[in-house]
Structure formats: C-alpha cells, structure tokens
Amino acid sequence: AAAAAAAAAAMGWVHAAAAAAAYVFSLYLLPAEVMALPRDDPRHVRGRLIASLWVTACIVAATAAQLVFGAGAEPSAVVVMQRLGLSPDVLCTVQQSALGVCYMATLFLGPLVVSAMATHRAGMGFVKALRSSLADWRLRFTHPSLRYHSVRNYVWAPLSEEIVFRGCVTALLTAGDGGPSRWRCALLAPLLFGVAHLHHYFSRVSEGTPAGRARVETVVQLAYTWLFGFLAFLLLFGAGLPAAVGGHVFCNTMGLPDLSFLSKEGGYYSDLHGLRHGLLLAYVAGVVLFVIAMRRLTSDFGDDAEWWPRSRG
C-alpha cells in the first residue's frame, strides 16, 4: 500500500510538471515570423494570448479527465470544480475574488500609503485622482498599442496561470493516494511556477542583455515567483482559486514596490523623503498585518492532503 501511494504521488508530480511544461512550450509554438518579433510587440503578445488560451483549455480538460477517469475517480462535476478550487456559486466566487484582493492590499499597505501621499502632495483630490486613474485604465485597454499588453498583464495571465499552476497542479498532485499535504504543496509546487519563468533568460539574452546579468535577473525572478506562488497557494487553500486570481491581478496592478522615497533626489517619490520613517512604518505594518491574516487563514491546514471538502459556499 505504501509503495502504491508513493507511486501515485510520483505520478502526480509528473502530471503537474507536464502541465507546467505544456503551458510554457505553447508560447514558443507560434509561427516563425511572429516569434521573430520583439516580445512586447502587439502581434507577438496576441499570438501568445491565443496559444495560452488553447493550452489552458487543454490542461483543464486533461485534469478533469484525470479526476473523473483516473484512480480514485470523482464523477461529480461539483466535486471536480471543488478539486480545482472553484465554487458553483457565482456570488461565492465574487466574494472569494474580493477576499484575495483585500489580503494582497494588506501586504501592499506601504505602497498604497506612498501613492496616496504622492497624490496629496500633487494637490489632487480624491475625485480628481479617481478620474485620472480611470482615464488611464481606459487608455490601457483601448489604445491599439497597449490593449493586448493590458489584457495579458491584468486579465489573462493572472487567470490562466492561477488555473494551471494552482488549480490544475493541486488537483493533479492530490488526484491519487499519497498526495502532499497543503503545507508541502504550498512550499514545493510553486517551484513549478518559478521554473516555468526560466525561459525568460533566453528572451533577455536574445534581446541583448549580457548573459551574466540575465542569469542574475532570472534567479531573482525565480525567487519572487516562488514566493508569490507560495502566497497564492495559501489563498487557494484558504479561500479558493478566485482568491488567488484576485490577489494575482492586484499584485500585477501594483507592480514592485517603489522605495525611491528613501532617497533625497533622483527617484519618483523623492519629494516624500521627509516622510520616509512614517512610510517605512506603513510598509512594516502591512507585512505584519498580512502575516497575521495568513495565520488566521491557514490555522486549520493541518497535515491532510484533502483540502477540497472545505466549504466553498
């Protein structure tokens, strides 16, 4: 029995790695004339969107087939959805998405305070700032040179990556007996997400980045994609796949924190240098509050692999 469980667990990792590899390889199966274009060329971005759409659909179908026809088959469509971290309840899905945004907003408390202070210093009221922000987002999704990038960065990449690298990977890892516990899954499975970004090394080199610098940038990217993947798995297990998608969208919207307020000059937020101590405190407070929130969210994880019976609404 132990050997069978170990074999089933190993096959789960093989299937999960195959899903991750298929997602990445699909991005390189475009026509040669499209692949020759710069990575951010709208035609290249559109081609990758279409390719990832097809491969995501295939991975979801293959995962569902494994759950339905594989060992320990679950014929119920509702159970399959739960194994993917989804709820059949639309309202519950919306609530979970909002929950993911709120959790990540807590982590980004510092950058949000910095942005608010910069807006105040610029003499913009709340209504004016909101109108400016909405106009900016409208431009991003309507301008011909920006719309495909915006769909990729803020809609499809978060949705498809969470479906494949969180929902499907977890379902495949736990499809049979001997699957990893939620904590082990959250710690180890993000490596698939990180490794899936290693192909960016070749893109950087092909675009003229020195090999040494490209290696450093790729290792750093591997580290933060693992960390982000770990946090996304916590949201998946604690609140469902929509929470992970919502958190991903929010993180892509915010980008990396800008600490230029620590410098007196040369940075985007250098005029806030005099407030640096209070702003750093906001950063620390956000991290502390996020850790507290995550501890509450994961308080009942335990060592079991069967995370899906948790109520999804």
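All values derive from a computational prediction rather than experimental measurement.

Draft legend 1. Representation of the overall build of the chain. When its secondary structure is counted, the chain shows 14 helices and zero strands. Computed over C-alpha atoms, the radius of gyration of the chain comes to 21 Å, within 12% of the 20 Å expected from 2.2 N^0.38 for 313 residues, which places it in the range of a compact globule. In terms of principal-axis extent, the alpha carbons of the chain reach across some 65 × 50 × 40 Å. Of all 313 residues assigned to the chain, the portion counted as buried reaches 42%. With an accessible surface of roughly 16100 Å², the chain has 68% of that area assigned to carbon and sulfur atoms. The averaged location of the 18 negative side-chain charges in the chain is 7 Å from the averaged location of its 24 positive side-chain charges.

Draft legend 2. Highlighting the nonpolar core. Membership of the largest hydrophobic core comes to 47 residues, with the highest contact counts inside it found for F233 and L235. It is helix α12 (residues 211–239) that provides the largest number of residues to this core, a total of ten residues. Setting aside its immediate chain neighbours within four residues, F233 contacts F165, R166, V169, T170, C185, A186, A189 and P190. In this structure, F261, L272, L279 and Y283 belong to the second largest nonpolar core, which totals seven residues.

Draft legend 3. Quick look at the packing of α12 against helix α14 (residues 276–297). Where α12 meets α14, the axes come as close as 10 Å, and the angle between the chain directions of the two elements is 40 degrees. When the axes of α12 and α14 are compared, the pair comes out oblique. When you trace α12 past α14, the crossing you get is left-handed. Residues L231, L234, L235, G238 and A239 of α12 pack against F290, M294 and L297 of α14.

Draft legend 4. Here's a closer look at the side chain of D41. Positionally, D41 belongs in the loop between α2 (32–35) and α3 (42–69). What makes D41 buried here is its relative accessible area of 15%. A distance of 2.9 Å separates a polar side-chain atom of D41 from the backbone nitrogen of R43.

Draft legend 5. Structural view of helix α1 (residues 2–26). Here α1 is 25 residues long and its end C-alpha atoms lie 36 Å apart, about the 36 Å a rise of 1.5 Å per residue gives. Taken together, the buried positions of α1 are A9, G12, A16, A19, A20, Y23, V24 and S26. Turning to α1, the residues buried within the fold contact α3, α8 (147–173) and α10 (190–195).

Draft legend 6. Focus on the environment of L275. Looking at the element boundaries, L275 is found in the loop between α13 (241–254) and α14. A residue is classified by how much of its surface remains accessible, and L275, at 30% relative accessible area, is partly exposed. The spacing of L275 and M117 is 158 residues in sequence and 9.3 Å in space, taken between C-alpha atoms. The residues touching L275, leaving out its near neighbours within four places in the chain, are M117 and R121.

Calculation notes
- Residues numbered from 1 in each chain as written.
- Predicted model: local features only at pLDDT ≥ 70, side-chain atom pairs only at ≥ 80, totals over all residues.
- Heavy atoms only, no water.
- Helix = DSSP H or I, 4+ residues; strand = E, 2+ residues; numbered from the N terminus.
- Rg over C-alpha atoms; globule rule 2.2 N^0.38 Å.
- Buried < 20%, exposed > 50% of the residue type's maximum accessible area, 1.4 Å probe, protein only.
- Areas by Shrake-Rupley, 256 points an atom, 1.4 Å probe, with all protein chains shown as cover.
- Lys, Arg positive; Asp, Glu negative; His and termini not counted.
- Charge placed at Lys NZ, Arg CZ, Asp CG, Glu CD.
- Core = buried A, V, L, I, M, F, W, Y, C linked by side-chain atoms within 4.5 Å.
- Contact = heavy atoms within 4.5 Å.
- Axes fitted to C-alpha atoms, helices over the stretch in contact; angles between N-to-C directions.
- Parallel < 35°, antiparallel > 145°, perpendicular 65-115°, else oblique.
- Left-handed = near helix turned anticlockwise from the far one by under 90°.
- Polar contact = N/O pair within 3.5 Å; in protein donor to acceptor, adjacent residues only side chain to side chain.
- Expected span 1.5 Å × (residues − 1).

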